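# Fold and geometry: a report
Residue-level listing of the chains:
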Amino acid sequence: MKFSDFEAAFVRENRILKALLCGALILSGLSSTLVLMGKSYVIYKSGAIFEERLLAEDVCRQGFLSVISGEPSKSIITPELLAILSRASMSFPTPTLLKVESLERGACKVIMKSEEALHAFKLGLIEGNALPFYYQIQQIDEIKVEEKEL
């Protein structure tokens, strides 16, 4: 084999390799761009977890327990309600919480049992990022207990 034939074959193979390398770089760059720019969506079938307001229920539970214990929490209860509770306290002999549930946005329901009877309360909530736990209890109303709820 002559040197000129070897050089021609070598140059021809280098051109093919350069073309393949450029093609591979363009394809990998294009696919990387599509992956980075693409949007991904996650579909969650059971939407019940998004409808529940777990933090609101915890604020209702802790706030109501602090009210009936006689020491209302300043971080969970609004100052207006604290002023009302300082004048007229809510106390029950041996209270037991049976159920705490979220009713609608801005309200939850607490069902409790004392030695005397069953009691149900609707707690009104306010929401805000400036609040320590995002929710604060602003209203407590006693409501009728329905037997089907227990």
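Placed above this text is the structure.
Residues numbered from 1 in each chain as written. Predicted model: local features only at pLDDT ≥ 70, side-chain atom pairs only at ≥ 80, totals over all residues. Heavy atoms only, no water.

A word on the overall build of the protein. A count of helical and extended segments in the protein gives four helices and four strands. Listing the helices and strands of the protein from first to last along the sequence gives α-α-α-α-β-β-β-β. Across the 150 residues that make up the protein, the buried fraction comes to 27%. Of the contacts formed within the protein by residues at least 6 apart in sequence, a portion of 43% connects residues at least 24 apart. Approximately 11000 Å² of the protein is accessible, and the part contributed by carbon and sulfur atoms is 59%. (Helix = DSSP H or I, 4+ residues; strand = E, 2+ residues; numbered from the N terminus. Buried < 20%, exposed > 50% of the residue type's maximum accessible area, 1.4 Å probe, protein only. Contact = heavy atoms within 4.5 Å. Areas by Shrake-Rupley, 256 points an atom, 1.4 Å probe, with all protein chains shown as cover.)

This next bit is on the state of the cysteines. Covalent bonding between the sulfur atoms of two cysteines is what defines a disulfide. Under the counting rule described, the total for this entry stands at one disulfide. In this model, C60 is linked to C108 through a disulfide, with the two sulfur atoms separated by 1.6 Å. Because the torsion about its S-S bond is -95°, the bridge between C60 and C108 counts as left-handed. Placement of the pair is C60 in helix α3 (residues 54-69) and C108 in strand β2 (residues 107-113), with a sequence separation of 48 residues. The pair formed by C60 and C108 is uniform in burial state, with each residue classed as buried. (Disulfide = S-S within 2.5 Å.)

Moving on, we get to unusual backbone geometry. Not every positive phi belongs to a glycine, and Y134 is a case in point at roughly 70°. Since its relative accessible area comes to 31%, Y134 is described here as partly exposed.

A surface patch of nonpolar side chains, amounting to about 320 Å² of accessible area, comprises I16, L17 and L20. By secondary structure assignment, the location of L20 is in helix α1 (residues 3-37). Residue classification places L20 among the exposed positions, given a relative accessible area of 57%. (Patch = residues over 30% accessible without salt bridge, like charges linked within 9 Å, V, L, I, M, F, W, Y side chains within 5 Å. Salt bridge = Lys/Arg side-chain N within 4 Å of Asp/Glu carboxyl O.)

Reading across from one edge, β1-β2-β3-β4 is the order of the four strands in this open sheet, with antiparallel pairing throughout. At either margin of the open sheet sits one strand with a lone partner, and together these are β1 (96-104) and β4 (135-143). Strand after strand, the sheet turns through a mean of 25° between neighbouring axes, direction not considered. Strand direction decides the pairing type here: strand β3 (residues 118-127) and β4, joined by eight bridges, are antiparallel. In the strand pairing of β4, F121 is matched with E142. (Pairing = 2+ DSSP bridges. Axes fitted to C-alpha atoms, helices over the stretch in contact; angles between N-to-C directions.)

Functional significance is not addressed by these values, which are geometric in nature.
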